[in-house]
Amino acid sequence: MVNKKRHRSLIIFGVLLGVLIAVLFLFIYIFLSKSIWDFNARVNIALNSKPVIIFSYDPNRKTLNGLAIPSDINVETVFGYGIYRMDKLFRLDEQEKKNGQLFTKTLSKLIGIPIDAYIKIDNWPGFMNENLSKEDFIRLKNYLNSISLPMTSMRSSRHDTNFISDFIRGILLNFGIKTNNVAFINLKNYRVFSSENSSGEEHKLADIEKLDETLKNYFYEEKITDENLNIEILNSTEKEGLAEIAARVATNIGGKVINTGNFNEPVFKCSLYTSQENKISYTVTKLKLIFDCNVLTNIPEESRADISLVLGSEYQQVDLKN
């Protein structure tokens with residue numbers, strides 16, 4: 001009888017040990033896999049809701065900034081699809097099989113920040129509406145951790161991250177952010193849109209200057225502002241305005257852009273020139289990630305900048321217009 005009890009105890013112990021080892025390996029896999037939450041950088045996630053919502057997490061400060069973008073505004077899409085209403089944007093992405101790239105990159109162009117991931121949810125909670133308040137946004141934050149697990153729909157805008165790692169880390173961070181560390185802006189309540197008639201139709205478009213002024217310092221990264229490195233952005237293509245578009249993104253995340261201009265040689269992939277010392281800086285790491293650059297340490301002697309970011313034809317292909 002004693003031997004049977006001992007045998008049963010050994011089996012139970014073995015099973016529990018096996019489960020513990022499996023859980024341990026799972027957590028090692030999750031936290032060693034590449035994720036959008038790497039580098040303790042700010043992460044911006046877009047939701048295909050009405051209005052469209054941006055969740056902007058700062059893992060270092062354990063804060064969350066929210067942004068609501070009205071459904072009835074018109075946006076200039078990337079990839080050359082022209083002007084579309086905000087509430088039609090995600091559907092267009094699905095129809096054209098862009099895997100979230102059209103949705104996230106168009107939003108990035110509109111508000112001038114990188115979008116790292118998106119969440120698609122078909123059945124949004126009843127409190128979601130165009131008049132979304134801060135209290136509603138906090139309820140939405142809590143909803144992401146509900147039993148329905150809407151964060152399982154989260155997909156990275158990059159292709160080099162692990163879905164399970166993204167999901168688990170996102171849940172843990174979202175759950176740990178306290179209510180008093182949440183900020184929220186509903187753009188419907190701000191005069192950042194203007195009406196414009198085109199081909200007999202009235203379009204409500206964003207006033208970029210007013211939009212940037214409203215969102216000033218809302219999406220900045222403290223590490224970038226602390227490093228205070230001088231950045232220049234150069235355009236190697238024949239398409240005008242690319243350097244200014246990229247400079248807006250770099251500035252809105254806290255970068256110090258001192259110059260935009262042209263590069264005298266054609267380039268396909270973005271190239272980021274800096275010194276050996278600055279190669280490992282947070283600013284270089286972030287810019288490399290946003291613009292998908294090759295990092296080179298032979299910065300041009302005539303440059304006054306600490307970092308020279310050269311945009312190539314690969315970047316131009318995203319910003320095509322009809």
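Higher on the page you've got the structure.
Everything numeric in this text was worked out from a predicted model, so none of it was measured.

Conventions and cut-offs
- Residues numbered from 1 in each chain as written.
- Predicted model: local features only at pLDDT ≥ 70, side-chain atom pairs only at ≥ 80, totals over all residues.
- Heavy atoms only, no water.
- Pairing = 2+ DSSP bridges.
- Helix = DSSP H or I, 4+ residues; strand = E, 2+ residues; numbered from the N terminus.
- Axes fitted to C-alpha atoms, helices over the stretch in contact; angles between N-to-C directions.
- 1 Å grid on protein atoms, 1.4 Å probe; cavity = no way out; pocket = protein on both sides within 12 Å on 5 of 7 lines; lining within 4 Å.
- Points joined across faces, edges and corners; volume = space filled by probe spheres on them.
- Nonpolar A, V, L, I, M, F, W, Y, C, P; charged D, E, K, R; others polar.
- Contact = heavy atoms within 4.5 Å.
- Buried < 20%, exposed > 50% of the residue type's maximum accessible area, 1.4 Å probe, protein only.
- Polar contact = N/O pair within 3.5 Å; in protein donor to acceptor, adjacent residues only side chain to side chain.
- Salt bridge = Lys/Arg side-chain N within 4 Å of Asp/Glu carboxyl O.
- Parallel < 35°, antiparallel > 145°, perpendicular 65-115°, else oblique.
- Core = buried A, V, L, I, M, F, W, Y, C linked by side-chain atoms within 4.5 Å.

(A) Fine view of the sheet that holds strand β8 (residues 182-186). Taking strand neighbours across the sheet as the criterion, the 6 strands line up as β7-β6-β1-β2-β3-β8 in an open arrangement whose pairing is mixed. Looking at which strands have only one partner, the edges of the open sheet turn out to be β7 (154-156) and β8. Each strand axis lies, on average, 20° off the axis of its neighbour in the sheet, ignoring direction. Two strands pair when backbone bridges link them, and strand β2 (residues 52-58) and strand β3 (residues 63-69) are joined in this way by 7 bridges, in the antiparallel orientation. Residue V52 lies in a different strand from β3, and its bridge partner there is I69.

(B) Representation of empty space enclosed by the protein within the structure. All told, the structure shown has 2 cavities of 30 Å³ or more when counted by the stated rule. The wall of the largest cavity is formed by I36, D38, F39, A41, R42, V43, D116, R158, K286 and L289. Its residues assigned to classes, the lining of the largest cavity comprises 5 nonpolar, no polar and 5 charged. Every residue lining the second largest cavity is listed: R42, N44, I113, P114, F219, E221, I253 and K286.

(C) Geometry of the packing of helix α2 (residues 86-95) against helix α3 (residues 101-111). Here α2 crosses α3 at 145°, and the two axes come no closer than 7 Å. Along its contact with α2, which presents M86, L89, F90, L92 and D93, the element α3 presents Q101, L102, F103, T106, L107 and L110. A per-class count over the contact of α2 with α3 returns 8 nonpolar, 2 polar and 1 charged.

(D) Highlighting the side chain of R42. Position of R42 relative to the elements: it lies in the loop between α1 (2-32) and β1 (43-47). Using a relative accessible area of 4% as the deciding quantity, one classes R42 as buried. Reaching out from R42, the side chain makes a polar contact with the side chain of S56 at a distance of 2.8 Å. Discounting chain neighbours no more than four positions away, the residues touching R42 are S56, Y57, D58, P59, N65, D116, Y218, F219, Y220, E221, Y282 and K286.

(E) Quick peek at the environment of E135. Mapped onto the fold, E135 is located in helix α4 (residues 134-143). E135 gets classed as exposed once you look at its relative accessible area, which sits at 52%. The spacing of E135 and T179 is 44 residues in sequence and 9.5 Å in space, taken between C-alpha atoms.

(F) Representation of the pattern of salt bridges within the structure. Inspection of the entire model under this criterion finds 11 salt bridges. The salt bridge partner of K204 is D72, with a shortest N-O separation of 3.0 Å. Of this pair, K204 sits in strand β10 (residues 201-206) while D72 is found in the loop between β3 and β4 (74-76), placing the two residues 132 residues apart along the sequence. Relative accessible area serves as the criterion here: at 32%, D72 is assigned to the partly exposed category. For the salt bridge of R91 with E94, the shortest nitrogen-to-oxygen distance reads 3.7 Å.

(G) Geometry of the packing of α3 against helix α8 (residues 242-252). Orientation of α3 relative to α8, taken along the N-to-C sense of each, is 80°, at an axis distance of 9 Å. It follows from the interaxial angle that α3 and α8 lie roughly perpendicular. Residues K109, L110 and I111 of α3 form the contact with α8, whose own contacting residues are I245, R248 and N252. For the contact of α3 with α8, the residue count by class is 3 nonpolar, 1 polar and 2 charged.

(H) Representation of the pairing of β3 within the structure. Among the 7 residues of β3, 7 are classified as buried, and the element is accordingly described as predominantly covered. Neither face of β3 is exposed, since T63, N65, L67 and I69 on one face and L64, G66 and A68 on the opposite face are all buried. In sequence, β2 turns back onto β3 through a hairpin of 4 residues, with K62 there showing a positive phi of about 55°. In the sheet, β3 pairs with β8 via 5 bridges, with the strands oriented parallel. Paired with L67 across the two strands is I185, which belongs to β8.

(I) Geometry of unusual backbone geometry. Going from K50 to P51, the amide bond is cis rather than trans, its omega being 0°. Looking at the secondary structure, you find P51 in the loop between β1 and β2. Positive phi is not limited to glycine here, since K97 has a value of about 55°. On the basis of relative accessibility, which here comes to 67%, the residue K97 falls in the exposed class.

(J) Layout of the nonpolar core. Judged by nonpolar contacts, the single largest core of 28 residues is most densely connected at I54, I69, L107 and I111. Only β2, β3, α2 and α3 provide two or more residues apiece to this core. A117, L140, Y143 and I177 belong to the second-largest nonpolar core, a separate cluster that totals 27 residues.

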